[in-house]
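In case you want the letters, here they are:
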Amino acid sequence: MRKLALIVRHEFRMAAANKAFVILTILGPFLILAVTVLPTFVANNPAAMSGGRPVAVSSAVPGAAEALAAAYGGMGVEVSVTDDPQAAKAAVLDGSAAGYVVVEAGWPDSGRALFYSKTGVDATMYASTQAVLAAFARELRIGASGIDPELVRGILADAPFEVLKIGPEGSEESKTQDDFMEALFVSLSFVMVLYMTVLLYGQMIGASVVREKTSKTVEVMLSSVTSRELMFGKILGLGLAGLLQYGVWISVALALVKLAGPAFDLAVPASISPENLGWLLAFFLLAFFLYSSAYAALGAASEDEHHLGQLAWPLLLFLIVPLVMVSSFIMSPDSGLSTALSIFPMTAPLVMLIRVLVSDPPAWQLAASISLLLASVAGMALLASKIFRTGILMTGKRAKLGEIVRWAAVK
Amino acid sequence: MLKVEQVVKTYETVRAVDGLSFEARPGEIFGLIGPNGAGKSTTIRMIMNIIAPDSGSIRFDGKRLSESDKSRIGYLPEERGLYKKSRVGESLEYLAALKGMRLPDARASIGAWLERFGIADWRDRKVSELSKGMGQKVQFIGSVAHKPSIVLFDEPFSGLDPLAQDELLSAMVELKKDGVTVLFSTHVMDHAEKICERILLVNKGREVLYGPLAEVKERHGRNAVQLEFDGDATFVKDLPFVETVVAYPRWIEVELKEGSEPDQLFRAVAGRLRVRRFEAVAPSLHKIFVRLVGRSPDETNGAGAGEALRA
C-alpha cells in the first residue's frame, strides 16, 4: 500500500504539475461554453449575428422600410435606407452591411421581396426579415380588403397553450421552448465535459503506460513494485488529478449558480444544480475507471502511441456513438434505445447522465446501470491488470486485439 | 546469498537460458559473462522476478524472493530509462522511496553519490537534459542509493567512455568493500578480469565455465605470453611451438604449445620486433572464452581476434 501511495503521488504530480493540465482546468468551462452554448446563442440572435453592422433596405412599398426598421430596432439591429442597389450590394459583399433587403413595387401581390446575403446561410437574419415582412403584408392586405383590422386581429390572436412538467410530488412546473433549449444546452455541455474528460484521461493513461515502455522505465519500476501496483498507481494518480479538475469546475459552476447568478441577476440555467453536478462527477468517476483500466491494458500491449491508437478504436466507438446520438437521447430519454444504452456499461455513463438530466429514469434502471458499471469496473480492472502484466514487458511485437485479450487467460 | 539452480527459460522456440546454476556469495563480485544473446539479461530478469523461469529455482538466503525483499536489491537494467520530465534529484528520490528509504536518508545518500560522480550540479536539472553517459551514472545511482545488500548490474559499462568505466569499476569495488554482493553481466572480458572474484561464463544459455577467476585461469594453463611491440608480427603464428595467437596491430597474446617455454618465443622475436613488453601470463578470459566457444565474445572489436584464432 505504501508503494502504491508513492506511485499515486508521483503520477498525480506528473499529471497536475503540467502546464497543459493547469490551462485546461482553468479554461475548461469556457471551452465547453464555447463549443456548446455560444454557437447556438449566436445563431439565434440577429444582433449577435449582424455584429453591429446595419441592414440596408430599399423599398418601393410605402411603410415597409419603417416596419423593418421598427422590428430590427427591437432586436438591436440598425437599418440604413438606401436607393443605390449597386452600393448596397457592394456593402454586403465587403461585409460592411449584414444584408440588403429589397421590396419591389407591387409587393406583396405582383412584386418580389429580396434578401441579399453574403453567405446565403444566415438563416436567423432572413427568417426574422421574412417574419416582419409577412406581418406587414398581412396588414396591407387587411387594409386593402376593407375588413375591420381589429376583427381580423381578434381572429388571428394566439390561442393559449401551456406545457407543464409534473414533478414527483405532484408539483407542476411551467415549461417553454426556452426551457427545452436550456435543458438541451446544459445536457449537451455536461455530456461534452464527460466525453472529453473520459477520452482525454483514458488516452493520457494509455500514453503514460506506453511511455513507461518506450522510455524503458518499466524495468526499474518492476524491480521495486509489482506490475499491479504500477498500473493502479498510474490510474489512481491520474484519477486524483481528474478529481481535482472536476472539483475546480464544479466549484466554478456552483459559484456561478449560488453567488454570481443572484448578485448580477444572471439567468443561470436551473439544470446547473448541485444535484446534477453530483451526477456528472459520479458518472465521470465510473467512466474514468472503466475506460482508464482498458486504456492502461492497451497501452501496456502497445509498441508505441500509434499502435495504441489502432488498438483503442473500439473504446473510442463506445464513446462516440452516444455523442452522435445525443439529440435523440435528449428528445426521447425514455425510449427503448435510450434505456438499453443507459444500462449497457460502456455507454451507460454518457447516456444515463443525459437521462438523469432531462428526464427522471426509474430508480431500478438507475440502480441497474450503476451496479453494472461498478461490476464492469471491477472486471475491467482485473482483466487489465492481467493484460498489463504480460504486455508491459513485451517488446518488438505489434500484437492484435484478439491476442491481447488472450493474455488475460495466462494464469 | 543468491543461489540459482537449474534455471530454464524458453521464448517461443528459443531456449534463452538452458539449465544455469550458480551462486553469488556475500560480499563478492560475481561476473556473468558471455556474448550478446547468451541469456545474461534473461537470467538477471528472472533473478529480479520480472519474468518467471519455466523451471528451476532462485533463492535469496534460502528463500524465494518476496516483494518486501526487493528493497534489499539494487537493479540496473540493460535498457536504461528514467522519467524524462522529472528532475534528477526527484527521480532518484522517487526510486529510493519505492525501495522503502526515508526521504532525508535518501537525500543524503543520493547527494553523496552525485558528488562522487562529479554530477552534483545536475541535481535540479531535467533528466532529458542529461548526456547519455551522465544518464547512465544517474541510473547507476538509482540502483545503489538505497544501500542494498545485493546489486545486479546488467551491462553496466555499455555506452560509457573509458574514464567513466573506471569510475564505475572503482565504485563497484567500493560497494564490495562495504559488504555488498555485486553481480554484473558483461560481454567485455577486460572488465570481468579486473574486478571479478568468481565468474560464470555462458554461451547460448549454457554454462561454459564456472568458478573463481584465479582457478579458471589456473585450470587453463599459464602457458601464454602477452607481447607489446612495434613491427610486423604476422610470422609469430607460424612458429612451430605456437598454438594460437590473438593479434592486434601492436599487441598479441600467444598461447604456446605444451612443453614449450616462453623463452623460446622471446628468442624467436628478438631482433625481428621492437619488443616493448614481454610478459608470461595466465591466458586472458577473452582467450579462454575464444578457445572454449570457438568465437569471440565481443562482436564489435573481437572480429580480428577470431580471425587470428582460425589463422
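What you see is a predicted model; the values in this text were computed from it and never measured. (Residues numbered from 1 in each chain as written. Chains lettered and ligands numbered in written order. Predicted model: local features only at pLDDT ≥ 70, side-chain atom pairs only at ≥ 80, totals over all residues. Heavy atoms only, no water.)

**Q** Explain the overall build of chain B to me, and be specific about the residues and the numbers.
**A** Helix and strand counts for chain B stand at 10 helices and 13 strands. Here chain B has a C-alpha radius of gyration of 22 Å; the compact-globule value for 311 residues is 19 Å, and the two agree. The C-alpha extent of chain B, read off along each of the three principal axes, is 65 × 45 × 35 Å. Counting all 311 residues of chain B, 54% fall into the buried class. Accessible surface, chain B as shown: approximately 13,900 Å² in total, 48% of it carbon and sulfur. Where the 46 positive side-chain charges of chain B centre and where its 45 negative ones centre are 3 Å apart. (Helix = DSSP H or I, 4+ residues; strand = E, 2+ residues; numbered from the N terminus. Rg over C-alpha atoms; globule rule 2.2 N^0.38 Å. Buried < 20%, exposed > 50% of the residue type's maximum accessible area, 1.4 Å probe, protein only. Areas by Shrake-Rupley, 256 points an atom, 1.4 Å probe, with all protein chains shown as cover. Lys, Arg positive; Asp, Glu negative; His and termini not counted. Charge placed at Lys NZ, Arg CZ, Asp CG, Glu CD.)

**Q** Quick rundown of the sheet that holds strand β7 (residues 181–186) of chain B? Include the residues and the values.
**A** Strand-to-strand pairing in sheets goes through backbone hydrogen bonds, with the strands running parallel or antiparallel. Residues and elements named next belong to chain B. One open sheet accounts for six strands, arranged β5-β6-β7-β3-β8-β9; its pairing is mixed. Edge positions in the open sheet fall to β5 (73–76) and β9 (206–212), since each of these has one partner strand only. Averaged over all adjacent pairs, the angle separating strand axes in this sheet is 10°, with direction ignored. As paired elements, β5 and strand β6 (residues 150–154) share four bridges and run parallel to each other. What sits directly across from G74, in β6, is V151. Sitting on the sheet, helix α5 (residues 162–177) is in contact with β3 (29–33), β6 and β7, with an inclination near 150° to β7. Across the face of the sheet, helix α9 (residues 285–293) comes into contact with β3, β8 (198–203) and β9 while running at roughly 35° to β8. (Pairing = 2+ DSSP bridges. Axes fitted to C-alpha atoms, helices over the stretch in contact; angles between N-to-C directions. Contact = heavy atoms within 4.5 Å.)

**Q** How would you explain the interface of chain B and chain A if you had to name every residue and give the values?
**A** Note on interface size: it is often stated as the accessible area lost on association of the parts. Across the contact, 25 residues belong to chain B and 23 residues belong to chain A. Summing the contributions of chain B and of chain A, the shared interface buries around 2,200 Å²; its carbon and sulfur component is 57%. Contact with chain A buries area across many residues of chain B, yet Y83(B), Y94(B) and L98(B) alone supply 32% of it, more than any other trio. On inspection of chain B and its partner chain A, the count reaches two salt bridges. The interface formed by chain B and chain A holds eight residue pairs in polar contact (both at pLDDT 80 or more) in total. (Buried area = accessible area lost by both parts, 1.4 Å probe. Salt bridge = Lys/Arg side-chain N within 4 Å of Asp/Glu carboxyl O. Polar contact = N/O pair within 3.5 Å; in protein donor to acceptor, adjacent residues only side chain to side chain.)

**Q** Let's hear about the confidence of the model for chain B: which residues, and what values?
**A** Summing up the model confidence of chain B, the mean pLDDT is 86 and the portion of residues at 70 or higher is 94%. Interface confidence for the predicted complex, expressed as ipTM, amounts to 0.78; the pTM equals 0.76. (pLDDT = per-residue confidence, 0-100.)

**Q** Please set out the side chain of H307(A) residue by residue, giving values where relevant.
**A** Residue and element names in this part refer to chain A. Following the sequence through the fold, H307 ends up in helix α12 (residues 305–311). Using a relative accessible area of 2% as the deciding quantity, one classes H307 as buried. Side-chain polar atoms of H307 contact the backbone nitrogen of E303, separated by 2.9 Å. If sequence neighbours within four positions are ignored, H307 has contacts with A301, S302, K397, R398 and A399.

**Q** I'd like to hear about the packing of aromatic side chains, residue by residue, with values.
**A** For the structure shown, the criterion picks out 21 aromatic pairs over all chains. Note on Y83(B) and Y94(B): the rings are 6.3 Å apart at their centroids and 50° apart in plane angle, and the pair reads as tilted. You can see Y83(B) sitting in the loop between β5 and α2 (88–98) and its partner Y94(B) sitting in helix α2, a full 11 residues away along the chain. Among the residues examined, Y83(B) registers a relative accessible area of 11% and is labelled buried. For the pair Y248(B) and W251(B), a centre-to-centre distance of 5.9 Å together with 55° between the ring planes defines the contact as tilted. What makes Y248(B) partly exposed here is its relative accessible area of 32%. Judged by relative accessible area, which is 23%, W251(B) ranks as partly exposed. The rings of Y201(A), Y246(A), W249(A), F284(A), F288(A) and F289(A) are connected pair by pair, giving a single aromatic cluster. Positioned above the aromatic ring of W122(B) is the side chain of R125(B), whose terminal nitrogen or guanidinium carbon lies 4.4 Å from the ring centre. In this structure, R272(B) is placed above the aromatic ring of F235(B), and the distance from its NZ or CZ to the ring centre is 3.7 Å. (Phe/Tyr/Trp six-rings, centres within 6.5 Å; stacked < 30°, edge-to-face > 60°. Lys NZ or Arg CZ within 6 Å of the ring centre and 35° of its normal.)

**Q** Explain the side chain of E93(B) to me, using residue names and the numbers behind them.
**A** Residues and elements named next belong to chain B. Relative to the helices and strands, E93 resides in helix α2. The exposure class of E93 is buried, given its relative accessible area of 13%. Once residues within four sequence positions are removed from consideration, E93 is found in contact with L103, R107, I110 and R123.

**Q** Provide a residue-level description of a nonpolar patch on the surface, including the pertinent values.
**A** Side chains of V22(A), I23(A), I26(A), L27(A), F30(A) and L31(A) sit close together on the surface and give an oily, nonpolar patch of about 570 Å² of accessible area. Structurally, the position occupied by I23(A) is in helix α2 (residues 19–43). (Patch = residues over 30% accessible without salt bridge, like charges linked within 9 Å, V, L, I, M, F, W, Y side chains within 5 Å.)

**Q** Describe the nonpolar core, and please don't skip the residues or the numbers.
**A** Nonpolar side chains tend to gather and get buried jointly when the protein is soluble and globular. In terms of nonpolar packing, the biggest core is built from 160 residues, with L194(A), M221(A), L2(B), F140(B), F153(B) and L175(B) touching the most fellow members. In terms of residue count, the dominant contributor to this core is helix α11 (residues 274–301) of chain A (16 residues). Apart from residues lying up to four places away in sequence, F153(B) is in contact with I44(B), L76(B), F140(B), S143(B), V144(B), M172(B), L175(B), V182(B), L183(B), F184(B) and S185(B). Formed by 18 residues, the second largest nonpolar core is a distinct cluster that contains L68(A), M125(A), V132(A) and L133(A). (Core = buried A, V, L, I, M, F, W, Y, C linked by side-chain atoms within 4.5 Å.)

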